[in-house]
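Report on the structure
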Amino acid sequence: MKIAYDAKRFFHNTSGLGNYSRDLVRIMSEFFPNNKYILLNKNQSKRGKDILKKGNVRFVQTSDGMMSRQLKMGKDAQEQHADIFHGLSGELPLKWDKKSIKKIVTIHDLIFIRYPQYYSFFDRKIHLWKFKKAAHSAHKIIAISEQTKQDIIRFLKVPESKIKVIYQGCHQAFKEQQSEEFVKKTKEKFSLPERFVLNVGTIEERKNLLNIVKAIKGTSIPLVVIGRKTKYFRKIEQFIKKNKMEKQIYFLEGVSMDELAVIYKLADIFVYPSFFEGFGIPVIEALFSKTVVVTSNTSCLPEAGGPDSVYIDPENDADISAKIQFLWNNESERKRRADKSFEFVQKFNDAPIAKQLMNLYQKIIS
């Protein structure tokens, strides 16, 4: 079987969609090495270089021209005699020739419909048009959570039979044990406190960092934050200064994947009070790291967090505060929940995900 991928996110996105794309191609090439995997894009980058070294994965440059991703990439996949084209980020090419090819699209979330205030009018219109077009032209749609599946049915008017839920995994680094020396170096490099609460993710309004900061106000609990800053950061900065919390909160930058994995493992609690997610990879990163999770009781987050994470109302900083403090002061409860959650999170391992993907690929071409 020959599978072609829209590799724009694979090469150019550092987190979210990029991690999903790289992990998917990596696990398919490892678990099903007899297939050929084609990465289509205008250019390559250093990201995913290790995956491209595999004998069954290769880069193919898309044809030149205006809007080549939309107008040329599909035909380029057909020229390569691909059996399947898989759009990894909610989009499919618009133009195809008469050669046979099956089309699959992964849709991660429809947050732009649920929370339009976070997007410009133009972005909302473009996203809706592209996602609708892809959903209706695909032979099959992969939704990364039950929540996303229900949103696709409701907002894109797609029959349930066309959608398959296949969860995503996370980077191998979170499943490995880093050396004591590397742990020590990471602690020193970032001047980490002895104990801390961790939050990872883009610092934007939807992720709700401000309510974590409010939740630890008046306590001595340190908070470590890792994520790209947006305009929303100013609001948090003002609150921190006003309440003299500068020494309590650590914003880290330039964190490698292995360093991030170490920091997850060192944290006492991982807190993720997002208002809405398509899946919430940071939650499973924490669970694989055997760190107890406090997260929202909304969207797909209970799907990712499982029965032994602690759930909060993301609007209620008093609720967040109470749950953090309960776990902070109760080591045995942290350990019990972390151990149980580690059992739960094994379903997001590479092998079951690869098997589900291959079953879908085989079903679509049979």
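All of these numbers come straight from a predicted model, not from anything done at the bench.

With that settled, consider the overall build of the protein chain. Tallying secondary structure elements over the protein chain gives 17 helices and 13 strands in all. Its C-alpha atoms give the protein chain a radius of gyration of 21 Å, near enough to 21 Å, the size a compact globule of 366 residues would have. Dimensions of the protein chain along its principal axes, counting C-alpha atoms only, are 65 × 45 × 35 Å. Of all 366 residues assigned to the protein chain, the portion counted as buried reaches 55%.

Inspection of every chain in the model, using the stated rule, returns 16 aromatic pairs. Measuring from centroid to centroid gives 5.6 Å for Y115 and Y118, while their planes differ by 10°, and the two rings are stacked. Taking the relative accessible area as the measure of exposure, Y115 reaches 21% and is therefore partly exposed. When the centroid spacing of 5.8 Å and the interplanar angle of 20° are considered together, the rings of F270 and Y272 count as stacked. Residue classification places Y272 among the buried residues on the basis of a relative accessible area of 2%. Aromatic rings pair up to connect Y167, F279, F344 and F348 into one cluster.

In sheet architecture, strand pairing relies on hydrogen bonds along the backbone and comes in two forms, parallel and antiparallel. An order of 3-2-1-4-5-6-7 is seen for the seven strands of this open sheet, with the pairing classed as parallel. Each edge of the sheet is formed by a strand with only one pairing partner; in this case those strands are strand 3 (57–61) and strand 7 (163–165). Mean inter-strand twist for the sheet, computed between neighbouring axes without regard to direction, equals 25°. Judged from the four bridges that link them, strand 4 (residues 84–87) and strand 5 (residues 102–107) form a sheet pairing that is parallel. Bridge pairing in strand 5 places G87 opposite V105.

In this structure the tally under the stated criterion is 29 salt bridges. With its nearest N and O atoms 3.3 Å apart, the salt bridge here joins K54 to E30. Taken together, the positions of K54 in the loop between helix 3 (49–52) and strand 3 and E30 in helix 2 (residues 16–31) put the pair 24 residues apart, joining distant regions of the chain. The salt bridge involving D308 is made with R336; its shortest N-O contact spans 4.0 Å. Highlighted residues: D308 in the loop between helix 14 (301–305) and strand 13 (310–312) and R336 in helix 16 (residues 331–344), separated in sequence by 28 residues. Classification of D308 by relative accessible area gives buried; the value is 14%. Overlapping salt bridges, with partners in common, bring together D23, R26, E30, K54, K175 and D350 in one network.

Membership of the largest hydrophobic core comes to 86 residues, with the highest contact counts inside it found for Y5, L198 and Y361. The element best represented in this core is helix 17 (residues 350–365), accounting for seven residues. Residues in contact with Y361, not counting those within four places in the same chain, are M1, I3, Y5, L24, M28, I84, H86 and I104. By size, the runner-up hydrophobic cluster in this structure holds 28 residues, among which are I212, I236, V294 and W328.

This part is about the pairing of strand 12 (residues 292–296). Within a regular strand, side chains alternate between the sheet's two faces. Within strand 12, five of the five residues are buried, which leaves it mostly tucked inside the rest of the structure. In this view, the connection linking strand 11 (residues 269–272) to its parallel neighbour strand 12 by way of helix 13 (residues 281–288) has right-handed handedness. Pairing analysis gives three bridges linking strand 12 to strand 13, with the strands arranged parallel. Bridging from a neighbouring strand, T295 pairs with Y311 of strand 13.

Further remarks concern the packing of helix 10 (residues 209–216) against helix 11 (residues 233–242). Where helix 10 contacts helix 11, the axes come no closer than 9 Å and their chain directions differ by 10°. Judged on the interaxial angle alone, helix 11 and helix 10 are roughly parallel. Only K235, I236, F239 and I240 of helix 11 make contact with helix 10, whose side of the interface consists of L209, L210, V213 and K214. Looking at the contact of helix 10 with helix 11 residue by residue, the classes come out as six nonpolar, no polar and two charged.

Here we take up the sheet that holds strand 8 (residues 197–200). Pairing is parallel in the open sheet, where six strands are placed in the order 10-9-8-11-12-13. Bordering the open sheet on either side are strand 10 (249–252) and strand 13, each of which pairs with just one other strand. Shown here is a sheet whose adjacent strand axes are inclined to one another by a mean of 25°, direction ignored. Against the sheet, helix 10 contacts strand 8, strand 9 (223–226), strand 10 and strand 11, and its axis sits at roughly 170° relative to strand 9.

Another point: the side chain of D151. By the secondary structure assignment, D151 is in helix 8 (residues 146–156). Here the side chain of D151 touches R114 through a polar contact of 2.9 Å, side chain to side chain. Beyond its immediate stretch of four places on either side in the chain, D151 contacts L110, R114, L156 and F276.

Before going further, it helps to spend a moment on the state of the cysteines. As enumerated under the stated definition, the model contains zero disulfides in all. With no disulfide partner, C170 has as its closest neighbouring cysteine sulfur the one in C300, 15 Å distant. Given a relative accessible area of 1%, C170 falls into the buried group.

So, how was this worked out
- Residues numbered from 1 in each chain as written.
- Predicted model: local features only at pLDDT ≥ 70, side-chain atom pairs only at ≥ 80, totals over all residues.
- Heavy atoms only, no water.
- Helix = DSSP H or I, 4+ residues; strand = E, 2+ residues; numbered from the N terminus.
- Rg over C-alpha atoms; globule rule 2.2 N^0.38 Å.
- Buried < 20%, exposed > 50% of the residue type's maximum accessible area, 1.4 Å probe, protein only.
- Phe/Tyr/Trp six-rings, centres within 6.5 Å; stacked < 30°, edge-to-face > 60°.
- Pairing = 2+ DSSP bridges.
- Axes fitted to C-alpha atoms, helices over the stretch in contact; angles between N-to-C directions.
- Salt bridge = Lys/Arg side-chain N within 4 Å of Asp/Glu carboxyl O.
- Core = buried A, V, L, I, M, F, W, Y, C linked by side-chain atoms within 4.5 Å.
- Contact = heavy atoms within 4.5 Å.
- Right-handed = clockwise from strand over helix to strand, strands pointing away.
- Parallel < 35°, antiparallel > 145°, perpendicular 65-115°, else oblique.
- Nonpolar A, V, L, I, M, F, W, Y, C, P; charged D, E, K, R; others polar.
- Polar contact = N/O pair within 3.5 Å; in protein donor to acceptor, adjacent residues only side chain to side chain.
- Disulfide = S-S within 2.5 Å.

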